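Analysis of the macromolecular model
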Amino acid sequence: MAVQTETMKPAASPRKGRRAGVASELSVLLKVKPGREQQLREHLNKEREDTVQDAEGRKILADIQTLHEARYVLFDDDTRLLIATSFDGDWDVYIDDFFRTKVLTYWSRFLIHCEGAPDDLAGAAALSLDDWKEFLTAHQVTAAEYIRTYPDLTVKQILKAQQVMTAFQQLLDEASS
Amino acid sequence: VVNNSPTALELDDIQRGVLHPRPSPYVGTYLLLRIADRRVGRALLRQLIPVIASAADPMNPDGDTWVSVSLTFQGLNALGVPEHSLASFPLEFQQGMAARAAILGDVDESSPVLWEKPFGTGDVHIAVVVLSPDAARRDVLLERVEKAYPAVEGVKVIYRQDARVLATGREPFGFKDGISQPAVEGSLIKGSNHLEGALKAGEFVLGYPDEDGALAPIPQPDALGRNGTYVVFRKLHQQVAAFRQYLRANAASPEDQTLLAAKMMGRWPSGAPLVLSPDRDDPTLGQDPAGNNEFLYHVDDPTGLRCPAGAHARRANPRDAFRDELIGINRLHRIIRRSTSYGPPLPDGVLDDDGADRGIVFVAIQAHIKRQFEFVQTQWVNDGIFRGAPGEKDPIVGPNDGTGVFTIPRQPVRRRIRGLPRFVINRGGEYCFMPGLRALAWLAELDS
């Protein structure tokens, strides 16, 4: 006999991300707060264009070492936001780890412009981990289809392969010079 | 609510088995009971409560002996716990271990359809554990427990498993175990590794701040949930002959067999860790409780040249291995292990299976089954994605199928063994809730 109630925390909720080989997808669909569309787009543009911020964002995601990529898509005249990532293993299982990372702070800078999130950074900082989990999992949707060209490779394997290839090319360069 | 202030643990309300390491040597008995009549079940609890030691009771001068009592979800239901209270327990506990078999890798020979009865049938309601340094004192305690069973129908012992330390002092594969004991804030018990800080009490006892810095939701009402914890029981049959045959087939010499087994385990037979003694066993170190767990992985052995990243001990508790990564936070995924050996040892040198049932009763204690036991089992033991080796599972306890692979870093060229079968089979298990002593009284006084 299993009883599911509204008080059940999302850590106990069924897995939502679709799996492809070793990775699973996380897709979160959010509504932008009316009147905050321009702020959100400017924030994301700045993240992209400011080399310091861009490097900081990339480093935070790279340090996870199991996140393949992340993209933030504004659509419907900037009234909606899609966050889409690929993650080695199961997002659902790693959710407690993930929410203690800097990613949450990094994301909260633009999530404050989305419905259901606090209005400012102070409010975002005061939100409990459980509330953040609830917020994102409540807006998570399962991909109808999720396909990867290299389903069996993890981020760590790809980075290592890149290192090995670099060293191998160097060897060839030295052998042929 | 973030709360980092230390909170005094109510040791007199917490069952002793939650925080105290098992005696060593030890003799133990596991009893599983079924409740047919809730009133009789409550009467049984009333009788048992005085026999259960709390974490505040002073230890006997001549050794530690105690009784622990825990209940499955069906057991709480059988006692008449109200529906809204049952619904406040986490989903994985409500479902039970058998329902989570596919997630846990309990498939093929470990599948619940092959489990010993009554595991996974829904008939297991109460688990009573009696632990003692010797059989004489165990029997005295067991007699007191047996007096608690009413003579009338209504509660029945449906399973008994005895366990005891083998004469070698080691588990059936031949390794000293039960070495690692995490330090728990406020427990007054020393941890086995001073290089690791104490864990928040809320990782192991409900109602206290945990490593998330907050009070996790606990089963309701508080009178039931507070000072409780969750206990995972698994009767793990060990295929000792198959393990020895595999070592012989994959090693060049008897010395190499010992090395290979140690690389797979992460420790030498004496318990000496590979990180501190990489080339040979060191029995003095293995027996030294102040030294045999005093190491880290990232700091002492980042590349795994001493202890492979895929070794059993390094998987089950990677310590600081993921220090430079943002996830795989070890402090969120610790369990307290309380395992005991059962069955006769397979004599040294025997390579043929004698058909005897032997192994360990694996016991894990934690406040969050999903974030602790299930995470360790599914992500670190059964899988290799976390370290970029998705094709590799735990070489000792992983659900290998005859095609398992294990990589041993070595210079100049790594060593890789293949064709690993499953050496450990789950014969059955249960998820239990171990209430505080006042919560047991609350259960005993239910009047529905």
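Rules and cut-offs
Residue numbers here run from 1 along each chain, matching the order of that chain's written sequence. Note on labels: chains are lettered from A, ligands numbered from 1, in written order. Thresholds applied to this predicted model are a pLDDT of at least 70 for local features of residues and 80 or more for the giving and counting of side-chain atom pairs; totals over whole chains, interfaces and linings are not thresholded and use all residues. Side-chain numbers come from the whole structure's heavy atoms, not from hydrogens or water. What counts as a helix is a DSSP run of H or I of at least four residues, what counts as a strand is a run of E of at least two, and both are numbered from the N terminus. Think of it in three bands: residues with accessible area under 20% of the maximum for their type are buried, residues over 50% are exposed, and the middle band is partly exposed, with areas taken using a 1.4 Å probe on protein chains only. For accessible areas, the Shrake-Rupley method is used with a probe of radius 1.4 Å. Any residue's cover is judged against the shown protein chains and nothing else. Every residue pair with non-hydrogen atoms within 4.5 Å of one another is taken to be in contact. Once two parts are joined, some of their accessible surface, as seen by a 1.4 Å probe, is lost; buried area is that loss totalled over both. Salt bridges are defined as contacts in which a side-chain nitrogen from Lys or Arg sits within 4 Å of a carboxyl oxygen from Asp or Glu. Polar contact is the term for a pair of N or O atoms within 3.5 Å; when the atoms are in protein, one must be able to donate a hydrogen and the other to accept it, and sequence-neighboring residues count only if both atoms are side-chain atoms. Residues are sorted three ways: Asp, Glu, Lys and Arg are charged, Ala, Val, Leu, Ile, Met, Phe, Trp, Tyr, Cys and Pro are nonpolar, and all the rest, Gly among them, are polar. When the centres of two rings from Phe, Tyr and Trp lie within 6.5 Å, Trp using its six-membered ring, the rings pair. Their planes under 30 degrees apart give stacked, over 60 give edge-to-face, and anything left gives tilted. Each residue gets a pLDDT score, which is the predictor's confidence in that residue and runs from 0 to 100. Note on pairing: two strands pair once DSSP finds at least 2 bridges between them. Among buried residues, those of type Ala, Val, Leu, Ile, Met, Phe, Trp, Tyr and Cys that are joined through side-chain atoms within 4.5 Å constitute a nonpolar core. Lines fitted to C-alpha atoms define the axes, with helix axes restricted to the stretch in contact, and inter-axis angles between N-to-C directions lie between 0 and 180 degrees. Here the angle decides the label: under 35 degrees means roughly parallel, over 145 means roughly antiparallel, 65 to 115 means roughly perpendicular, and every other value means oblique.

Helix and strand counts for chain A come out as seven helices and five strands. Listing each helix as α and each strand as β along chain A from the N terminus yields β-β-α-α-β-β-α-α-α-α-β-α. With respect to the three principal axes, the spread of C-alpha positions in chain A is 65 × 50 × 30 Å. The buried share among the 177 residues of chain A stands at 44%. About 9,600 Å² of surface is accessible on chain A, with carbon and sulfur atoms providing 54% of the total.

Moving on to the interface of chain A and chain B. Between chain A and chain B, the residue contacts involve 36 residues of the former and 33 residues of the latter. Approximately 2,800 Å² of surface area, both sides summed, lies buried where chain A meets chain B, with 59% of it carried by carbon and sulfur atoms. On inspection of chain A and its partner chain B, the count reaches one salt bridge. For the salt bridge of Lys156(A) with Glu325(B), the shortest nitrogen-to-oxygen distance reads 3.1 Å. Here chain A and chain B share five residue pairs in polar contact (both at pLDDT 80 or more) between them. Broken down by element, the side of chain A that touches chain B gets its largest block of residues, six residues, from helix α3 (residues 91–98) of chain A. Looking at the side of chain A that touches chain B residue by residue, the class counts come to 14 nonpolar, ten polar and twelve charged.

As a further point, take the packing of aromatic side chains. Applying the stated criterion to the full structure yields 25 aromatic pairs over all chains. With 5.7 Å between their ring centres and 70° between their planes, Tyr246(B) and Phe423(B) make a pair best called edge-to-face. Of the two residues, Tyr246(B) is situated in helix α9 (residues 240–250) and Phe423(B) in the loop between β10 (415–420) and β11 (424–434); the sequence distance between them amounts to 177 residues. We classify Tyr246(B) as buried; its relative accessible area is 8%. Residue Phe423(B) is classed as buried on the basis of its relative accessible area of 0%. Three or more aromatic residues joined by ring pairs form one cluster here, namely Tyr72(A), Phe87(A), Trp91(A), Tyr94(A), Phe98(A), Trp107(A), Phe110(A), Phe322(B), Phe375(B), Trp380(B) and Phe386(B).

Right, let's talk about the confidence of the model for chain B for a bit. All names here are of chain B. Summarising the model, chain B shows a mean pLDDT of 93, and 97% of its residues fall at 70 or more. Taken as a whole, residues 1–5 scores under 50 in pLDDT and shows nine contacts with residues more than four places along the chain or in a different chain. We note a pTM of 0.93 for the whole complex and an ipTM of 0.84 for its interfaces.

The subject of this paragraph is the pairing of strand β8 (residues 359–366) of chain B. All names here are of chain B. Across the eight residues of β8, eight count as buried, placing the element largely inside the fold. Two strands pair when backbone bridges link them, and strand β6 (residues 336–337) and β8 are joined in this way by two bridges, in the antiparallel orientation. Bridge assignment links Ile336 to a residue of β8, and that residue is Ile365.

The biggest cluster of nonpolar side chains holds 105 residues, and the ones touching the most others in it are Leu19(B), Val128(B), Met264(B) and Leu443(B). Other than its neighbours up to four places away in sequence, Leu19(B) contacts Leu9(B), Leu11(B), Ile14(B), Ala55(B), Gln181(B), Val184(B), Ser187(B), Ile189(B), Val205(B) and Arg338(B). Formed by 52 residues, the second largest nonpolar core is a distinct cluster that contains Ile83(A), Cys114(A), Trp268(B) and Cys307(B).

This next bit is on the packing of helix α1 (residues 37–49) of chain A against helix α2 (residues 51–64) of chain A. Residue and element names in this part refer to chain A. The geometry of α1 relative to α2 is characterised by a closest axis approach of 5 Å and an angle of 90° between their N-to-C directions. With respect to each other, α1 and α2 are oriented roughly perpendicular. The segment α1 lies against α2, with Lys46, Glu47, Arg48 and Glu49 engaging Thr51, Gln53 and Asp54.

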